[in-house]
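In case you want the letters, here they are:
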Amino acid sequence: MSRLVTIYGGSGFVGRYIAQRMARQGWRVRVAVRRPNDAHFVKPYGVVGQVEPVFCNIRDDDSVRAVMTGAEAVINCVGTFDAKGKNNLGAVQHEGAARIARIAAETGVARMVHISAIGAGADAPSVYGKTKGLGEDAVLASMPDAVILRPSVVFGPEDQFFNRFAGMARMSPMVPLFGAETKFQPIYVDDVAAAAELGAIGQAAPGVYELGGPEVASFRELIKTMLDVVRRRRLVIGFPFWMGRVLAAITGVASSLTGGLAPQPVTRDQLKELTRDNVVSEGAKGLDTLGIAPSSMDAILPSYLWIFRPSGQYAALKESARNLKG
């Protein structure tokens, strides 16, 4: 019988790519999610019955244990930006990670991979970063041989970074930014999945890996790169953090009063996270240690951001026609 891996949050942005890779390796893949009926799209990643979405509430011991039964490896991809509610930052990124690791140790799971984030730790300026750090500590306390992956901002077809700002550029003459000079090292989602795959099959040494792509750029530069890809000219304006805090306070109240129906473009915690660079630390183990060549943004962004171009899929054809006329 083929080996089994349980992927918590396996239908999410990063998790689905890991699920595909593990299926190609011949593993049975159990995708543990809160809403399995919304995750049926993972089934075609393998042959019939190889990849199955199952219900799991990571706030409940019995639920976590049930979907882990028989697994040789577990991968935790669950994360959140929600500061309120039952599935808040602490409940998901600290307590949830701790629960998965503790039960993995109790049930004799051989390997664990945990997806964290660059900047995780007690010294992080945000609750997001602090809870990620607490989650890492809890994982290592129960599973000291775990592989912990800390990616910078992750990009790919389903991302909420470039897609979000490209959508904004389609509707607005300007793109407002807070932390415009903060630096990032974007990493392609399948490169993160490749690192997780190595950890799950036992081909990555235990430890913490910081994952970043080949380019380091400021927030402003990343948005300008995106605008070049979508063929749109827009003003990119950086605003001071104090304005962001005012905006976050106002929209936070509106969101609370409407039960979350009113969108909150930025939160106080996200602003705190933007006060420092999000790049791989000097001397950290990374993709090179794992033997993975990082994918460049130039190679990937046009493959999915073309839908935001004024002419969509015909943009390249029109550009070629103009060149012929010239």
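The structure we're discussing is the one just above.
From a predicted model like this one, the values you see are computed outputs, not experimental measurements.

The next thing to look at is the packing of helix α5 (residues 162-171) against helix α7 (residues 219-229). It is at 10 Å that the axes of α5 and α7 come closest, and there the two elements cross at 65 degrees. At the point where α5 passes α7, the crossing takes the right-handed sense. Across the interface between the two elements, F162, F165, A166 and A169 from α5 touch F219, L222, I223, M226 and L227 from α7. For the contact of α5 with α7, a count of residues per class yields nine nonpolar, no polar and no charged.

Taken together, R34, R35, R59 and K86 make up a surface patch of like positive charges. Along the chain, K86 turns up in the loop between β4 (73-76) and α3 (89-107). Given a relative accessible area of 64%, K86 falls into the exposed group.

Before going further, it helps to examine the pattern of salt bridges. Per the counting criterion, the structure on display carries twelve salt bridges. Among the ionic pairs, R21 bridges to D190, the shortest N-O distance being 2.9 Å. Of the two residues, R21 sits in helix α1 (residues 13-24) while D190 sits in helix α6 (residues 189-200), which places them 169 residues apart along the sequence. The same class applies to R21 as to D190, namely buried. Ionic pairing is found between D61 and R99, a salt bridge with its closest N-O pair at 2.7 Å. Taken as a pair, D61 in helix α2 (residues 61-68) and R99 in helix α3 lie far apart in primary sequence, 38 residues in all. D61 sits in the partly exposed class, given a relative accessible area of 26%. Taking the relative accessible area as the measure of exposure, R99 reaches 16% and is therefore buried. Connected via shared salt-bridge partners are D61, D62, R65, R99, R102 and E106.

The seven strands lie next to each other as β3-β2-β1-β4-β5-β6-β11, forming an open sheet whose pairing is parallel. Looking at strand neighbours, the two that pair on one side only are β3 (51-55) and β11 (207-211), the edges of this open sheet. Strand-to-strand twist across the sheet, computed as the mean angle between neighbouring axes with direction ignored, equals 20 degrees. In terms of strand pairing, strand β2 (residues 28-33) meets β3 through five bridges, oriented parallel. Residue pairing across strands places V33 opposite F55, the latter belonging to β3. Lying over the sheet, α1 contacts β1 (4-8), β2, β3, β4 and β5 (111-115), oriented at roughly 160 degrees with respect to β2.

Conventions and cut-offs
By convention here, each chain's residues receive numbers from 1 onward along its written sequence. Local features in this predicted model are restricted to residues of pLDDT 70 or higher, and side-chain atom pairs are both shown and tallied only at a pLDDT of 80 or more, whereas totals for entire chains, interfaces and linings draw on every residue. With hydrogens and water stripped out, all remaining heavy atoms of the structure feed into the side-chain values. Geometry is summarised by axes, namely lines fitted to C-alpha atoms with helices restricted to the contacting stretch, and by angles between N-to-C directions that run from 0 to 180 degrees. Helix numbering and strand numbering both begin at the N terminus, where a helix is a DSSP run of H or I of at least 4 residues and a strand a DSSP run of E of at least 2. Helix crossings get a hand from a simple test, with the near helix turned counterclockwise from the far one by less than a right angle marking a left-handed crossing and a clockwise turn marking a right-handed one. It only takes one pair of heavy atoms within 4.5 Å for two residues to be counted as in contact. Each residue gets one of three labels, nonpolar for Ala, Val, Leu, Ile, Met, Phe, Trp, Tyr, Cys and Pro, charged for Asp, Glu, Lys and Arg, and polar for the others, Gly among them. Patch building starts from residues that exceed 30% relative accessible area and form no salt bridge, then joins like charges within 9 Å and nonpolar side chains (Val, Leu, Ile, Met, Phe, Trp, Tyr) within 5 Å. The accessible surface values rely on the Shrake-Rupley method and a 1.4 Å probe; as for residues, cover is taken only from the protein chains in view. We count a salt bridge whenever a side-chain nitrogen from Lys or Arg sits within 4 Å of a carboxyl oxygen from Asp or Glu. Positive charges come from Lys and Arg, negative ones from Asp and Glu, while His and the chain ends are left out of the count. Where a charge sits is defined by one atom per residue type, namely NZ (Lys), CZ (Arg), CG (Asp) or CD (Glu). The buried label goes to any residue with under 20% of its type's maximum accessible area, the exposed label to any with over 50%, and the partly exposed label to all in between, with areas taken from a 1.4 Å probe on protein chains only. Strand pairing is assigned whenever DSSP identifies at least 2 bridges connecting the two strands.

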